[in-house]
Amino acid sequence: TGVPRTAFEKVDDAATVKRYTGVTGSVALHIPWDRVDDWQAFAAYAGERGLLIGGINSNTFQDQDYKLGSLCHPSAAVRAKAVSAIVECCEIAAATGSRAVKVWLGDGTNYPGQDDMRWRRHRLVEGLREVYPHLPPGVRMLLEYKLYEPALYSTDVQDWGQSLSVCRAVGEMATVCVDTGHHAMGVNIEQIVAILLAEGALGGFDLNDKKYGDDDLMVGSIDPYQLFRIAHEMVNAMRDDTDPIAQRCANETVYMLDQCHNIEPKIPAIIRSVMNFQEAVAKALLVNRDALLAAQAAGDVLEANRLLADAFASDVRPLLAQLRTARSLPADPYRAYLDSGEMEARAAARAGGTPAGWG
């Protein structure tokens, strides 16, 4: 109930989250779902509400033409259509001041022999190279990967290594996007993050949580310790003056909440997600880096692990509440929103409308 019916209402919702949390300063768009007639006016509308336009996400998977792929499709005409769709996202980024164009492809095959996997790779690189010159100055291309779905035999950008190798073939402004739900069970995501930081190739995160597949649950709702470990790698790199490549990469990484709220109201779920991520980062900041480096150098396995475990076990909620109060924000944004009556008013105002997005 109360879901946004237009891109402008999405901005209103994002501004509401920022008003309660104080930290969500941009709103990502998905094209064509969020297409508007006047992009500069739309960016101005967001700016009036204290928001920047975040990542521009391309959709080259929903159209029936893309059932055999988009940039990897055997048909040159379909590939050209996909290139044009991503180029449009670059143009929208230029018009709105966005700093990132994100590409996720549903490309792959379902059967052995369905297509030539090597040639699909060539088509992918060729297509992204066509898009690359259209990136506005200073705007990065973020290439997302996914273990499976919707293609179940082979996926054309299946893991971080495939994404990284494609990015290197495309250009230095092409970087990897890590969706925390797009991995096999038990994969060490924080190690992937550490490697991409070391390579200076981490462009951004799509933050969510999972139990089995790509569940798109609220971030930190299933495995908060994993979220903490990822946050620790980011904080660790930000503090490491001896590794300027990783340090710069960590400071430039962008974060997006990529979640699917089917049974819970969206805005309070987003607020909860923001608070969960804040707690993970706050705990990561509590890790004594000097003591950790000393324990690692001494081979003191138990002490090194204790330093992380103790930081994670710390209750940072009172401190975060104090910080919010000092900034004239609600100490508990989630409870404040629920008590405000805004959720009920929003649902009543939008009753009977058609939700924007997939459809």
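Our subject is the structure listed above.
Residues numbered from 1 in each chain as written. Predicted model: local features only at pLDDT ≥ 70, side-chain atom pairs only at ≥ 80, totals over all residues. Heavy atoms only, no water.

K.L.:
Would you mind showing me how to read the overall build of the protein chain here?
P.N.:
Within the protein chain, the secondary structure is distributed over 14 helices and nine strands. Compactness check: the protein chain gives a C-alpha radius of gyration of 21 Å against a globular reference of 21 Å for 359 residues, within 12% of the reference. The principal-axis extent of the C-alpha atoms belonging to the protein chain is close to 60 × 55 × 40 Å. The buried share among the 359 residues of the protein chain stands at 49%. Within the protein chain, contacts between residues at least 6 apart in sequence are counted, and of these 76% link residues at least 24 apart. Put simply, the protein chain shows about 17100 Å² of open surface, and 54% of that area lies on carbon and sulfur atoms. (Helix = DSSP H or I, 4+ residues; strand = E, 2+ residues; numbered from the N terminus. Rg over C-alpha atoms; globule rule 2.2 N^0.38 Å. Buried < 20%, exposed > 50% of the residue type's maximum accessible area, 1.4 Å probe, protein only. Contact = heavy atoms within 4.5 Å. Areas by Shrake-Rupley, 256 points an atom, 1.4 Å probe, with all protein chains shown as cover.)

K.L.:
How do you make sense of the pattern of salt bridges when you look at a structure like this?
P.N.:
Opposite charge on two side chains permits pairing when their charged atoms draw close. Tallied over the full model, the rule gives 25 salt bridges. One salt bridge in this structure joins D34 and K10, with 2.6 Å as the shortest N-O distance. With D34 in the loop between strand 1 (26-31) and helix 2 (39-48) and K10 in helix 1 (residues 7-21), the pair connects residues that are 24 residues apart, well separated along the chain. The pair D34 / K10 is uniform in exposure class, with both members buried. Three or more residues joined by partner-sharing salt bridges are found here, namely R5, E9, D13, R346 and R350. (Salt bridge = Lys/Arg side-chain N within 4 Å of Asp/Glu carboxyl O.)

K.L.:
What should I look at first to understand the packing of helix 13 (residues 333-340) against helix 14 (residues 342-349) in this one?
P.N.:
Any two packed helices are characterised by how steeply their axes cross, that is the angle between the axes, and by the distance between the axes. Remark: helix 13 packs on helix 14, axes separated minimally by 5 Å, with the N-to-C direction vectors making an angle of 55 degrees. By the angle class used here, helix 13 and helix 14 are oblique. Each of Y337, L338 and S340 in helix 13 lies in contact with helix 14, whose residues at this interface are E342, M343 and R346. (Axes fitted to C-alpha atoms, helices over the stretch in contact; angles between N-to-C directions. Parallel < 35°, antiparallel > 145°, perpendicular 65-115°, else oblique.)

Keep in mind these numbers describe shape, not what the thing actually does.
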